[in-house]
Amino acid sequence: LLAQLMNMLSLVHAILTALIVAGVKLDPRAWLLRYATAALGPYFTFGMGYFLVTLSFVFAYVFFLPLFLFGAVLTTALCLLLFKLVMPWLKAKEQEDQDALAKYEQDIQEAAGEGRFSWCNGRWAKQWCGNAVCGLPRFTRAQLREVLWWFDAGDEQGQFNIIMLGVLFPFGMPLLASELARGEETEITKSFTDLYDMMRVAILA
């Protein structure tokens, strides 16, 4: 039922988009919100009422909380490994890898310019094979930088906010309340709005 309702909302969104393209003046967000409230409101209202009246939240607390904690703790450990160990190590090795790559490109150009075909040039083949074998860690680090660049979480405060509010959200509610009480909600929202697209998707997931 929920899947059908969401599909219906997507069709409504398509209709609203077509009306805008046709020149009809309307606010698609406002109309989509009204339609979503009318379509999903009763189901969520009755569902939450049933959830509270039957004391199902007690079962949910006992059953789902350990599952949540298991996934949240593993995700937090992965984030700390990524933010505190892997990314700093890659940044520390970046200049060294660039210098080694520049030296290899210079050597290979000099070897290829000796006037012989590359495939029978012993010096060229030695340089190429040496880079293919010894340069594998450098190549791996370069690929990791290309991928993990999308998952950069900013400074230490931003990383802390993402872990507490994005991964351990129920336990991060006191932090959120204290930040809001001090009027620093801009710093909290900035931790999420400054993220790259892939990191936003990861946080939402």
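Whatever comes next refers back to the structure up there.
So, a few notes on the structure that sits alongside this text.

Procedures and definitions
Residues numbered from 1 in each chain as written. Predicted model: local features only at pLDDT ≥ 70, side-chain atom pairs only at ≥ 80, totals over all residues. Heavy atoms only, no water. Core = buried A, V, L, I, M, F, W, Y, C linked by side-chain atoms within 4.5 Å. Buried < 20%, exposed > 50% of the residue type's maximum accessible area, 1.4 Å probe, protein only. Helix = DSSP H or I, 4+ residues; strand = E, 2+ residues; numbered from the N terminus. Contact = heavy atoms within 4.5 Å. Axes fitted to C-alpha atoms, helices over the stretch in contact; angles between N-to-C directions. Parallel < 35°, antiparallel > 145°, perpendicular 65-115°, else oblique. Nonpolar A, V, L, I, M, F, W, Y, C, P; charged D, E, K, R; others polar. Salt bridge = Lys/Arg side-chain N within 4 Å of Asp/Glu carboxyl O. Expected span 1.5 Å × (residues − 1). Bend = angle between axes of the 7 residues up to and from the residue. Polar contact = N/O pair within 3.5 Å; in protein donor to acceptor, adjacent residues only side chain to side chain. Phe/Tyr/Trp six-rings, centres within 6.5 Å; stacked < 30°, edge-to-face > 60°. Lys NZ or Arg CZ within 6 Å of the ring centre and 35° of its normal. Patch = residues over 30% accessible without salt bridge, like charges linked within 9 Å, V, L, I, M, F, W, Y side chains within 5 Å. Areas by Shrake-Rupley, 256 points an atom, 1.4 Å probe, with all protein chains shown as cover.

## As for the nonpolar core
Point 1. Counting residues in hydrophobic clusters, the biggest one holds 17 residues, and the most contacted among them are Phe83, Ile162, Leu168 and Met199.
Point 2. Residue assignment for this core shows that the elements contributing at least two residues are helix H3 (56-112), helix H6 (156-167) and helix H9 (197-204).
Point 3. Per-element accounting of this core gives the leading share, six residues, to H3.
Point 4. Apart from the residues lying within four places of it in its own chain, the contact partners of Met199 are Phe83, Trp150, Phe151, Asp152, Ala153 and Ile162.

## Points about the packing of H6 against helix H7 (residues 169-181)
Point 1. Two elements in contact, H6 and H7, have axes separated by 6 Å at closest approach and are oriented at 125 degrees. Classed by the angle they form, the pair H6 and H7 counts as oblique. Counting all contacts with H6, which are made through Phe160, Asn161, Met164, Leu165 and Val167, the residues of H7 involved are Phe169, Phe171, Gly172, Leu175 and Leu176.
Point 2. When the residues that make up the contact of H6 with H7 are grouped by side-chain class, the tally is eight nonpolar, two polar and no charged.

## Quick word on the pattern of salt bridges
Point 1. Counted according to the given criterion, the structure contains three salt bridges.
Point 2. Ionic pairing is found between Arg141 and Asp97, a salt bridge with its closest N-O pair at 2.7 Å. Of this pair, Arg141 sits in helix H5 (residues 136-148) while Asp97 sits in helix H3, placing them 44 residues apart in sequence. The pair formed by Arg141 and Asp97 is uniform in burial state, with each residue classed as buried.
Point 3. Between Asp97 and Arg145 there is a salt bridge, with the nearest N and O atoms lying 2.8 Å from each other. Taken as a pair, Asp97 in helix H3 and Arg145 in helix H5 lie far apart in primary sequence, 48 residues in all.
Point 4. Among the charged side chains, a network of salt bridges with common partners joins Asp97, Arg141 and Arg145.

## Quick notes on helix H2 (residues 28-53)
The periodicity of an α-helix, 3.6 residues per turn, causes residues three or four positions apart to be oriented the same way.
Point 1. Helix length check: H2, at 26 residues, gives a terminal C-alpha distance of 36 Å against a target of 38 Å (1.5 Å per residue), a fit within 8%.
Point 2. Where H2 bends most, the angle comes to about 45 degrees, and this point is Leu40, followed within four residues by the proline Pro42.
Point 3. All buried positions along H2 are accounted for by Ala36, Ala39 and Leu40.

## With respect to the side chain of Arg145
Point 1. With relative accessibility at 18%, the residue Arg145 sits in the buried group.
Point 2. Of note is the side chain of Arg145, whose polar atom sits 3.4 Å from the backbone oxygen of Lys93.
Point 3. What Arg145 contacts, discounting residues up to four positions off in sequence, is Leu90, Lys93, Glu94 and Asp97.

## Remarks on the packing of aromatic side chains
The geometry of two aromatic rings is summed up by the distance between their centres and the angle between their planes.
Point 1. The tally for this structure, following the rule as stated, stands at one aromatic pair.
Point 2. Each ring, one from Trp149 and one from Trp150, has its centre 4.8 Å from the other, and the planes form 80 degrees; the classification is edge-to-face.
Point 3. Using a relative accessible area of 45% as the deciding quantity, one classes Trp149 as partly exposed.
Point 4. A cation over a ring is seen here: Arg34 above Trp31, with NZ or CZ 4.9 Å from the ring centre.

## Structural notes on the environment of Ala77
Point 1. By the secondary structure assignment, Ala77 is in helix H3.
Point 2. Separated by 86 residues in sequence, Ala77 and Ile163 place their C-alpha atoms 9.8 Å apart.

## Digging into the environment of Gln159
Point 1. In this structure, Gln159 sits in helix H6.
Point 2. Those residues in contact with Gln159, other than ones at most four positions away along the chain, are Phe83, Lys84, Ala153 and Gly154.

## Points about a nonpolar patch on the surface
Point 1. The grouping of Leu55, Val58, Tyr61 and Val62 at the surface amounts to a nonpolar patch, some 420 Å² of accessible area in total.
Point 2. Residue position: Val58 is located in helix H3.

## Remarks on the side chain of Arg141
Point 1. Look at Arg141 and you get buried, because its relative accessible area is 12%.
Point 2. Setting aside its immediate chain neighbours within four residues, Arg141 contacts Trp89, Leu90, Lys93 and Asp97.

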